[in-house]
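Descriptive analysis of the structure
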Amino acid sequence: MASQLIRSGSKAARALLSASRNSPLLSEGKGVAVAALANAGRKLSTAASFYEKSGGNNTSQSKWFSAALAIPAAGYMLMDKEAHAAEMERTFIAIKPDGVQRGLIAEIISRFERKGYKLVAIKLVVPSKEFAQKHYHDLKERPFFSGLCDFLSSGPVLAMVWEGEGVIKYGRKLIGATNPQASEPGTIRGDLAVVVGRNIIHGSDGPETAKDEIALWFKPDELVSYTSNAEKWIYGVN
């Protein structure tokens, strides 16, 4: 009986991990995993109850029963952590020369930190105009392209990479609309900027843009991967 429980638990754990890794949609994979967990749990619970009622009291077998019952639960926890990790993303954020010169670095960083996002790369640089042209390459046909590049290369820029769930989309919400006068109060531009030409900050507008901008501004070894002590309080990962 104990060996059957072990096999059942192991099969459930494999199903959980396979669902989380191979499903095209994490949500669907999680549903498959939960179903497998529930089914295995019912079988194991029934078997354990039968064992107890039949007077089973062998210490060694009891330990095997405990191990078998723990296997699917452990698999589910691992699957949940993998799904959580898959939702994490990184975005590129830059405080432009006007934001740096106005002494707004600490204010801006604190807003991302208070939200719960994690800083994984940071450096202060003065980009060349050629570099600025690479950064704004998608705007090269616009009449303001040259002036935009002149401004970005006119002084120090604080380049950063932030990590967290939904950081690309919500990072843009923290920043506010391109035109500060159209930005909501509470956003960085809504509170700290007045005109479009001096809107103090840049943020990636999508996953592909974030990937390209991070690669442009940072070398791979400049990005730091680490676990923040605050993450379990932000995401509930214990």
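Predicted, not measured: the structure shown is a model, and the values here were computed from it.

Below, the discussion takes up the overall build of the protein. Broken down by element type, the protein carries eleven helices and four strands. Counted over contacts in the protein with a minimum sequence separation of 6, partners at least 24 positions apart contribute 77%. When the accessible surface of the protein is summed, it comes to about 13500 Å², and 55% of that surface belongs to carbon and sulfur atoms.

Turning to the nonpolar core, a few remarks are in order. Of all hydrophobic cores here, the largest spans 21 residues; its most connected members are I108, F112, W162, I200 and I201. For this core, the secondary-structure elements that each account for two or more residues are β1 (88–95), α5 (105–115), β3 (157–165), α8 (167–175) and α9 (188–192). Broken down by element, the residue count for this core peaks at four residues, all from α8. In this structure, F145, V161, I214 and F218 belong to the second largest nonpolar core, which totals 16 residues.

A few words now on the environment of V161. You can see V161 is positioned in strand β3. Separated by 53 residues in sequence, V161 and I214 have C-alpha atoms that sit 7.1 Å apart. Contacts of V161, omitting those with residues within four sequence positions, involve R90, T91, K118, L119, V120, A121, I214, F218 and L223.

This part is about helix α10 (residues 207–217). The complete set of buried residues in α10 reads A210, E213, I214 and W217. Angularly, the buried residues of α10 cover 100° about the axis, an arc narrow enough to put them on a single face. Opposite the packed face of α10, turned more than 90 degrees from it, sit the exposed residues E208, K211 and A215.

A word on the sheet that holds β1. Read across the sheet, four strands follow the order β2-β3-β1-β4 without closing on themselves; strand pairing throughout is antiparallel. Where the open sheet ends on each side, the last strands, each with one partner, are β2 (118–125) and β4 (201–203). Averaged over all neighbouring strand pairs, the angle between strand axes comes to 20°, with direction disregarded. Two strands pair when backbone bridges link them, and β2 and β3 are joined in this way by seven bridges, in the antiparallel orientation.

Here the focus is the confidence of the model for the protein. When pLDDT is averaged along the protein, the result is 80; 63% of the residues meet or exceed 70. Low confidence marks residues 19–34, where pLDDT is under 50. Its contacts with residues over four positions away, or in another chain, come to 20 contacts. The low-confidence segment residues 82–86, where pLDDT is below 50, has seven contacts with residues more than four positions distant or belonging to other chains.

What follows deals with the UniProt feature "active site" (unreviewed entry) in the protein. Within this numbering scheme, the UniProt entry marks H202 as carrying the feature "active site" (unreviewed entry). Beyond its immediate sequence surroundings of up to four residues, H202 is in contact with F92, I93, A94, K96, H135, I175, R189 and E213.

The rules we used
Residues numbered from 1 in each chain as written. Predicted model: local features only at pLDDT ≥ 70, side-chain atom pairs only at ≥ 80, totals over all residues. Heavy atoms only, no water. Helix = DSSP H or I, 4+ residues; strand = E, 2+ residues; numbered from the N terminus. Contact = heavy atoms within 4.5 Å. Areas by Shrake-Rupley, 256 points an atom, 1.4 Å probe, with all protein chains shown as cover. Core = buried A, V, L, I, M, F, W, Y, C linked by side-chain atoms within 4.5 Å. Buried < 20%, exposed > 50% of the residue type's maximum accessible area, 1.4 Å probe, protein only. Arc of directions from axis to C-beta. Pairing = 2+ DSSP bridges. Axes fitted to C-alpha atoms, helices over the stretch in contact; angles between N-to-C directions. pLDDT = per-residue confidence, 0-100. UniProt positions renumbered as here; feature names shortened; annotations may be inferred.

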